[in-house]
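Structural description and commentary
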Amino acid sequence: AKMLTRGTASMTARDIALQLDSMGADLEPFSGRNSFGITAKFLSQDLARGMSILANVLSDPSFPQQEIEKVRTDMLQTIRTKRDRPMAQLFDLFYATLYRRHPYGHPSTGTEQTIQSITREDLIGWYKKMRDPSRIIISVVGDIEGDRVARMLRARFEDMAKHKASVIRVAPEPPLESTRIAHIDKKSAQVNFVIGFLGVPLSSSLNAPMELIDTALSGQGGRLFYRLRDKQSLAYAVSSFRLPGLETGAFGVYMGCAPEKFPVAKQAVLRELRLLRDKGLSQEELDNAKRHLLGTMAIEQQTNGAQALDMALNELYGLGYDYREKLIKEIKAVTLEQIRQAAKKVLTPDRHVLVSIGPQPTEPPPCDNTSSENSEEEDEG
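A few points on the structure. If you're wondering where the values come from, they're calculated on a predicted model, not measured in any experiment.

**A word on the overall build of the protein chain**
Broken down by element type, the protein chain carries 14 helices and 8 strands. A compact globule built from 381 residues would reach a C-alpha radius of gyration of about 21 Å, and the protein chain, at 23 Å, matches this within 12%. Along the three orthogonal principal directions, the C-alpha set of the protein chain runs to about 65 × 45 × 35 Å. The 381 residues of the protein chain split such that 43% are buried. Contacts in the protein chain between residues far apart in sequence, at least 24 positions, make up 80% of those at least 6 positions apart. Separation between the mean location of the 50 positive side-chain charges and that of the 49 negative ones in the protein chain comes to 3 Å.

Okay, here's the thing in C-alpha cells:
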C-alpha cells in the first residue's frame, strides 16, 4: 500500500508529489487487517485531474527499488520502536495469544524478518494478483454530480487488466477451551495487562449490542473506570475495547496498575465481567451508552473523507455501503435482553486470555486449567 504513491510507469514519486501540491490535494495509501487502498482529497474543480492521478497510481504502479528501500527502512524503524512502547508490545502479544490460527494474530506492522525478506518481485506479483477490477470499490463524497463521476471512472478504469482473483477464505478462530496466559518480563513502575475474549464478527446480530456493552464499560464515564479506579483505586487507567472483524472479533479490558495491585486488579476485572454476564446493564446504563455511541458515530462522519472511507469499506466487506444507517437503527432498537444474550455469548470468564507486561508476576496461575506461556522476547507474541 505504501508503494502505490511512490511511482508509476509515467510518474516518479516526486512528480506525483508536485502535482498533488499544485492542487493542494492529498493522496494517502492505507492498509488494514482486511483491505488496502488509497484515500484521495481534492477540490471539486480539480476532480478530473485528481481522478487521473488516482487511476494512474492504482492501474500502473512501478514499485521502484529505490523507493522500496525507503519504505522498508521506515517500516523496520516502526517495528523497532515497539521495543520502547509497552502498549504496542502488550497488544501484539494479546492478539497473538488470542488468535493462534487466524491471521489477525500476526502483528500489523509485520516483523523485521518478513519486512527484510520482501522483494520487488513479491510486491509486483502480489499486487497483480489482488488487483481484481471486480473487487475494487470506489466511493466519492463531495460537491459533485454522480453521473459525471461514474463516466469519469469508467473511462479511466475500463482498460485495467481483468482477471478473477481467488477469494481468500479464512475460517473463524476456534473457541477458547481454557484460559491462556502470556507475559513479557520488563522492568517498569507499573503492570499493563489485558483480559480478553473472542468477540463477534461485523455481520453478527450481536454486533450492535456488543458496541453498546463496550461503550457502557469504557471511558471515564464507564462502569469500569468508576468501580475499579474511582471507588477501589486499583488502576492508573482502565477501559474496555473491541475490535470486530470479518470472520471473528475480539473484546477485552485493558488496565494499568501498580505491580503489587496486579493480583487483586485482575480478579476485580473478572468479577465485573462475571457480573455483566449474569445481570447485564441497567436501563440507565443502556440509555446513556446509546446516546454516547450515536453521538460519537455522528462526529466520526463529519468529513467527506470519513464518509467515503466508511462507505467503501462497508461495501467491500459485503455489509452494504449504507451499513452505517442500518447500524444506527439497530443500536437504537437494542434491548436489555439482547445485551444479556451478547454478554453470555462473548464473556466467558473461565475461558479467557490474560496477557501482561511489566515485572514478572510471582503468584501461581489463577486456576488449574490454564495453559501458561511466557515470552521474554518483546517482539515474539
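So that's the structure; there's more coming.
**Observations concerning unusual backbone geometry**
One can expect most non-glycine residues to show negative phi and most peptide bonds to be in trans. For phenylalanine 63, which is not glycine, the phi dihedral falls at a positive 50°. Mapped onto the secondary structure, phenylalanine 63 falls in the loop between helix H2 (47-59) and helix H3 (65-81). What makes phenylalanine 63 buried here is its relative accessible area of 6%. With a phi angle near 55°, serine 233 is a residue other than glycine that sits in the positive phi range. Considering the arrangement of structural elements, one finds serine 233 in the loop between helix H9 (223-231) and strand S5 (237-244). By relative accessible area, serine 233 is classed as partly exposed at 43%.

**Topic: the environment of proline 172**
Topologically, proline 172 is positioned in the loop between helix H7 (146-157) and strand S3 (180-185). In the structure, proline 172 is positioned 27 residues away from glycine 199 in sequence and 11 Å away in space, judged by C-alpha atoms. Among all residues touching proline 172, those that are not within four sequence positions of it are His102 and Glu247.

**A word on the pattern of salt bridges**
Here the structure, examined in full by the defined rule, presents 16 salt bridges. Across the pair arginine 80 and glutamate 112 runs a salt bridge, and its minimum N-O distance is 3.0 Å. Placement of arginine 80 in helix H3 and of glutamate 112 in helix H5 (residues 112-117) is noted, with a sequence separation of 32 residues between them. Under the relative-accessibility criterion, arginine 80 is labelled partly exposed at 31%. With a closest N to O distance of 3.0 Å, glutamate 272 and arginine 227 form a salt bridge. With glutamate 272 in helix H10 (residues 262-279) and arginine 227 in helix H9, this pair connects stretches of sequence that are 45 residues apart.

**A look at helix H11 (residues 283-300)**
The end-to-end C-alpha distance of H11, which contains 18 residues, comes to 26 Å, matching closely the 26 Å that a straight helix rising 1.5 Å per residue would cover. Buried within H11 we find Leu286, Ala289, Lys290, Leu293 and Met297. Looking straight down H11, one finds its buried side chains confined to an arc of 105°; they lie on one side. Turned more than 90 degrees from where H11 packs its buried face, Glu284, Arg291, His292 and Ile299 sit exposed.

Scoring rules and cut-offs
Residues numbered from 1 in each chain as written. Predicted model: local features only at pLDDT ≥ 70, side-chain atom pairs only at ≥ 80, totals over all residues. Heavy atoms only, no water. Helix = DSSP H or I, 4+ residues; strand = E, 2+ residues; numbered from the N terminus. Rg over C-alpha atoms; globule rule 2.2 N^0.38 Å. Buried < 20%, exposed > 50% of the residue type's maximum accessible area, 1.4 Å probe, protein only. Contact = heavy atoms within 4.5 Å. Lys, Arg positive; Asp, Glu negative; His and termini not counted. Charge placed at Lys NZ, Arg CZ, Asp CG, Glu CD. Salt bridge = Lys/Arg side-chain N within 4 Å of Asp/Glu carboxyl O. Expected span 1.5 Å × (residues − 1). Arc of directions from axis to C-beta.

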